[in-house]
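In case you want the letters, here they are:
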Amino acid sequence: MGFIANDSITGFMLKKLDYKLKCRLTKHQVQPENRNALSTLQRDGCIVFPQYFSDQQLDSFEAGIAAAKARESADTIKNGHIDTGISRIFDLTEVAPATNAIFSDPMVVDLIKGYCSSECRLLKTFYEEKTEIGVPSQSNNTHFDDWRHRVKVWVYLTDVTEQQAPTTIFLGSHKDHWWRLWHEYNYYLHFRTDENNQYTPLTDYSGMFWPHEVETIRKRWHYREQAITGKRGTMFIFDSRALHRSTVLQQGERKIITGYYTFNGLGL
Ligand SMILES: O=C(O)CCC(=O)C(=O)O
Ligand SMILES: [Fe+2]
């Protein structure tokens, strides 16, 4: 396809079609008991499982995280991120193996593969805490994360109320729609990771929308923005192609475990 410039909008559309085809050819059939959950995820771009994990499981996750913190391995514990007001422990399933219970949960794996493809893989996991009240961050701007699947699993280790920095999501906005095309193309054009496939400061804002754009899109296509609150133990799974944003912590703290799933080999 040498006659079509890679950076042209046609070049992007071919890439997107190729990606869709790859997913179509590697379809995964979900178990009958997970069909309803799959329909919800397909309709809304997200699904919430209130208090999915037991107190006993949550305690074992927290014990693993506390032990990892105590070890303070400089390789695995990194404070700071492009987002402000948070700190993270990366490679969580390695440093706190009990958390594998989340990412090898048969329902979670079946559902996400059914949503994306049998080639969908766990890309990374981390623990994140937000404890600084009133600190805004870049991801407070409404955005999508990618034009390819990046399915995110959140497990709440604290209650997450309206004041405790719930993620908000525009239900249904993950679906292909012509308003997305220009933005996805711009993402494709401007978003470049470095030689180690990591974000660079130059591309931090890829996928972000201006507030006036968000307002017109929301009104014109009647999207409802939902704040995902829930009790400790709640699991939230979402397709981060949907418009979403983080919110400022107003009270208490928010502690979550998270994992990202992407099509094999398309990690960012
Ligand atoms: O932390 C949040 O609530 C959402 C952050 C975000 O935009 C993301 O993880 O994609
Ligand atoms: Fe995001």
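The structure under discussion appears in the preceding block.
The structure displayed is predicted, hence computed values, not measured ones. (Residues numbered from 1 in each chain as written. Chains lettered and ligands numbered in written order. Predicted model: local features only at pLDDT ≥ 70, side-chain atom pairs only at ≥ 80, totals over all residues.)

## Details of the overall build of the protein chain
Right, so step 1: Helix and strand counts for the protein chain stand at 8 helices and 10 strands.
Right, so step 2: In terms of overall dimensions, the protein chain is globule-like: its C-alpha atoms have a radius of gyration of 18 Å, near the 18 Å expected for 268 residues.
Right, so step 3: For the C-alpha atoms alone, the extent of the protein chain along its principal axes is close to 55 × 45 × 40 Å.
Right, so step 4: A burial count over the protein chain gives 31% of its 268 residues as buried.
Right, so step 5: A separation threshold of at least 6 residues defines the contact pool for the protein chain, and within that pool the share at least 24 residues apart is 86%. (Helix = DSSP H or I, 4+ residues; strand = E, 2+ residues; numbered from the N terminus. Rg over C-alpha atoms; globule rule 2.2 N^0.38 Å. Buried ≥ 20, exposed ≤ 12 C-beta atoms within 10 Å, placed from the backbone. Contact = placed C-beta atoms within 7 Å.)

## Notes on the nonpolar core
Right, so step 1: Among the nonpolar cores identified, the biggest contains 41 residues, and Cys 46, Ile 112, Val 155, Ile 237 and Ile 257 are the most heavily contacted of them.
Right, so step 2: In this view, Ile 237 contacts Leu 41, Cys 46, Ile 47, Leu 111, Val 151 and Val 153; residues no more than four positions away in its chain are not counted.
Right, so step 3: Phe 12, Trp 147, Tyr 187 and Tyr 188 belong to the second largest nonpolar core, which has 5 residues in total. (Core = buried A, V, L, I, M, F, W, Y, C linked by C-beta atoms within 7 Å.)

## Comments concerning the packing of helix 2 (residues 35-44) against helix 6 (residues 106-115)
Right, so step 1: It is the contact of helix 2 with helix 6, at a shortest axis distance of 10 Å, that shows an interaxial angle of 45°. Judged by the inter-axis angle, helix 2 sits oblique to helix 6. In the crossing of helix 2 with helix 6, the sense of the turn from one axis to the other is right-handed. From helix 2, Ala 37, Leu 38, Leu 41 and Gln 42 reach across to helix 6, where they touch Leu 111, Gly 114 and Tyr 115. (Axes fitted to C-alpha atoms, helices over the stretch in contact; angles between N-to-C directions. Parallel < 35°, antiparallel > 145°, perpendicular 65-115°, else oblique. Left-handed = near helix turned anticlockwise from the far one by under 90°.)

## Focus on the sheet that holds strand 7 (residues 225-227)
Right, so step 1: With antiparallel pairing, the 3 strands of this open sheet are ordered in space as 7-6-9. This sheet does not close on itself; its edge strands, each paired only once, are strand 7 and strand 9 (244-245).
Right, so step 2: As paired elements, strand 6 (residues 168-170) and strand 9 share 2 bridges and run antiparallel to each other. Bridge pairing in strand 9 places Thr 168 opposite Arg 245. (Pairing = 2+ DSSP bridges.)

## Observations concerning unusual backbone geometry
Right, so step 1: Not every positive phi belongs to a glycine, and Ala 165 is a case in point at roughly 55°.
Right, so step 2: With respect to the helices and strands, the residue Ala 165 is situated in the loop between strand 5 (151-156) and strand 6.
Right, so step 3: Given 26 C-beta atoms within 10 Å, Ala 165 falls into the buried group.

## Details of the environment of Pro 106
Right, so step 1: Its place among the elements puts Pro 106 in helix 6.
Right, so step 2: Sequence separation between Pro 106 and Gln 31 is 75 residues, and the spatial gap between their C-alpha atoms is 9.9 Å.

## A word on the environment of Gly 85
Right, so step 1: The topology assignment puts Gly 85 in the loop between strand 2 (77-79) and strand 3 (86-90).
Right, so step 2: Taking C-alpha positions, Gly 85 is 24 Å from Phe 191, a pair spaced 106 residues apart along the chain.
Right, so step 3: Aside from chain neighbours lying at most four places away, what touches Gly 85 is Lys 130, Glu 132, Val 135, Ser 137 and Leu 249.

## What about the environment of Asp 176?
Right, so step 1: As for its position among the elements, Asp 176 is in the loop between strand 6 and helix 7 (178-190).
Right, so step 2: Judged by C-beta crowding, with 11 C-beta atoms within 10 Å, Asp 176 ranks as exposed.
Right, so step 3: Taking the C-alpha atoms as reference points, Asp 176 and Arg 241, separated by 65 residues in sequence, lie 9.5 Å from one another.

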